[in-house]
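# Observations on the three-dimensional arrangement
These are the residues of each chain, in order.
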Amino acid sequence: MRFCPSCGGPIEQLVPPMDDRERHVCRACDTVHYLNPKIVVGSVCTLGDRLLLCRRAIPPSRGLWTIPAGYLENGETAEEGARREAWEEATAKITLEGLIAVYSIKRIDQVQLLYRAQLVSDQVAAGPESLEVALVDWADIPWAELAFPTVRWVLSHAAKIRDESGPLVPTGNPTDES
């Protein structure tokens with residue numbers, strides 16, 4: 001950030017009073033601009049013994065498989081965002097069952113909130129960010145073709161708890177990953 005979005009003044013990186021780290025501060029209006037992690041929302045969507053996967057049409061990882069997920073938009077809840085992403089990527093209508101994973105990815109400044117969901121029907125189709133979508137059996141997950149480590153993590157966790165009912169307890173990062 002070079003210029004203040006509030007007044008257009010120059011930005012400097014400095015430690016503001018009462019803070020403990022460098023921030024982007026406008027020297028003209030003294031506004032402190034906090035740059036915080038992005039929030040990603042998504043869901044492991046199932047119908048019976050099958051789950052929904054989307055082949056990415058956009059970088060990064062174009063052509064690889066993922067779950068419906070993306071950045072949370074301003075003005076929506078995490079749950080609304082997860083439902084929107086399922087619709088945008090796969091025209092899927094879903095019912096959320098609960099949060100199953102919270103991953104903190106420091107190297108790319110993301111926090112991911114991932115849900116377990118049921119598809120309302122098998123009527124799915126590729127949206128603009130997907131090359132194709134598929135309902136696959138758990139045994140047929142293309143593990144070597146998954147787009148991101150967090151997709152592997154959440155699908156592994158979802159497979160372990162897929163027959164559990166009742167309140168869900170979210171998992172976090174694997175102990176050797178961040």
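These remarks concern the structure in this document. (Residues numbered from 1 in each chain as written. Predicted model: local features only at pLDDT ≥ 70, side-chain atom pairs only at ≥ 80, totals over all residues. Heavy atoms only, no water.)

Mapped onto the elements of the fold, threonine 46 is located in strand E4 (residues 38-47). Those residues in contact with threonine 46, other than ones at most four positions away along the chain, are Leu51, Ala117, Gln118, Leu119 and Trp138. (Helix = DSSP H or I, 4+ residues; strand = E, 2+ residues; numbered from the N terminus. Contact = heavy atoms within 4.5 Å.)

This part covers the nonpolar core. Formed by 24 residues in total, the largest nonpolar core has its most connected members in Val44, Ile67, Val154 and Leu155. Counting residues per element, this core draws most heavily on helix H2 (residues 149-161), which supplies six residues. The next biggest cluster of nonpolar side chains, apart from the first, holds 17 residues, and it includes Val41, Leu52, Ala117 and Val133. (Core = buried A, V, L, I, M, F, W, Y, C linked by side-chain atoms within 4.5 Å. Buried < 20%, exposed > 50% of the residue type's maximum accessible area, 1.4 Å probe, protein only.)

Here we take up unusual backbone geometry. Here the residue pair proline 59 and proline 60 is connected by a cis peptide bond, since its omega of -5 degrees sits within 30 degrees of zero. Along the chain, proline 60 falls in the loop between strand E5 (50-56) and strand E6 (65-66). Even without being glycine, serine 61 reaches a positive phi, approximately 65 degrees.

Here the focus is the pairing of strand E9 (residues 110-119). Looking along a regular strand, one sees the side chains alternate between the two faces of the sheet. Of all ten residues in E9, eight are buried; the element is thus mostly enclosed. Where E4 meets E9, nine bridges bridge the pair, whose relative direction is parallel. Bridging across to E9, valine 44 finds its partner in arginine 116. Between strand E8 (residues 94-105) and E9, which follow one another and run antiparallel, lie four residues, and aspartate 109 among them has a positive phi close to 55 degrees. (Pairing = 2+ DSSP bridges.)

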